Amino acid sequence: MNQVVVAFANCAVENREVLQLLHAAFKDKKVDYKILLKSHPCEPAQQTAEELGLQFDEKIFEFTEQSLEQIVPESKAMIVKESSSVFWALNNNIPVVVPYLYSIIDMCPLSG
């Protein structure tokens, strides 16, 4: 299966912006892959999306409770801002996309 995993951080502000960016980027798009949205255990991304009023196309997006150990090896890439989950991507030799966010002072070493 063609899929990309988005691993969310333990930071509500970052997660809100990542959700908004994803929603804007894929709104009304047709793609041949699935985007799996994996929450941090302390910050439920699906609840945040609902609070923001974001409706994600279920043909593209899926909020998942599966472990990264299960989903990363099957993924083509990972989108992650700052989380130790990046090590799953590195371990599985898949590309990592680190979004640049405007709502925070970016001290993340992944941002370059």
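Each value, and the rule that gives it
- Along each chain, the written sequence defines residue order, and numbers are assigned to residues from 1.
- Under the rules for a predicted model, residues below a pLDDT of 70 receive no local features and side-chain atom pairs below 80 are neither given nor counted, while totals for whole chains, interfaces and linings still include all residues.
- The basis for every side-chain value is the complete set of non-hydrogen atoms in the structure, without hydrogens or water.
- Strands here mean DSSP runs of E at least two residues long; helices mean DSSP runs of H or I at least four residues long; both are numbered from the N terminus.
- The globule rule used here is 2.2 Å times the number of residues to the 0.38 power, and the radius of gyration it is set against is calculated over C-alpha atoms.
- In this analysis, axes come from line fits to C-alpha atoms, helices being fitted only over the stretch in contact, and the angle between any two N-to-C directions falls in the range 0 to 180 degrees.
- Working rule for angles: under 35 degrees goes down as roughly parallel, over 145 as roughly antiparallel, 65 to 115 as roughly perpendicular, anything else as oblique.
- Crossing handedness is defined as follows: a turn of the near helix away from the far one that is anticlockwise and smaller than a right angle gives a left-handed crossing, while the clockwise case is right-handed.
- Contacts are residue-level and defined by heavy atoms, with any inter-residue pair within 4.5 Å sufficient.

How should I be thinking about the overall build of the chain in this particular structure?
In terms of helices and strands, the chain carries four helices and five strands. Tracing the chain from N to C terminus, the helices and strands come up as β-α-β-α-β-α-β-α-β. In terms of overall size, the chain behaves like a compact globule, its C-alpha atoms giving a radius of gyration of 13 Å where 112 residues would be expected to give roughly 13 Å. Referenced to the eigenvectors of the C-alpha coordinate spread, the extents of the chain come out at roughly 35 × 35 × 25 Å.

What exactly am I supposed to notice about the packing of helix H1 (residues 12-26) against helix H2 (residues 45-52) here?
Packed helices, taken two at a time, are described by the angle their axes make and the gap between the axes. Where H1 meets H2, the axes come as close as 10 Å, and the angle between the chain directions of the two elements is 70°. The pairing of H1 with H2 is recorded here as roughly perpendicular in orientation. As for how H1 packs across H2, the hand of that crossing is right-handed. Within the contact between the two elements, H1 uses Arg16, Leu19 and Gln20 and H2 uses Ala45, Thr48, Ala49 and Leu52.

By themselves, these figures tell us nothing about what the structure is for.
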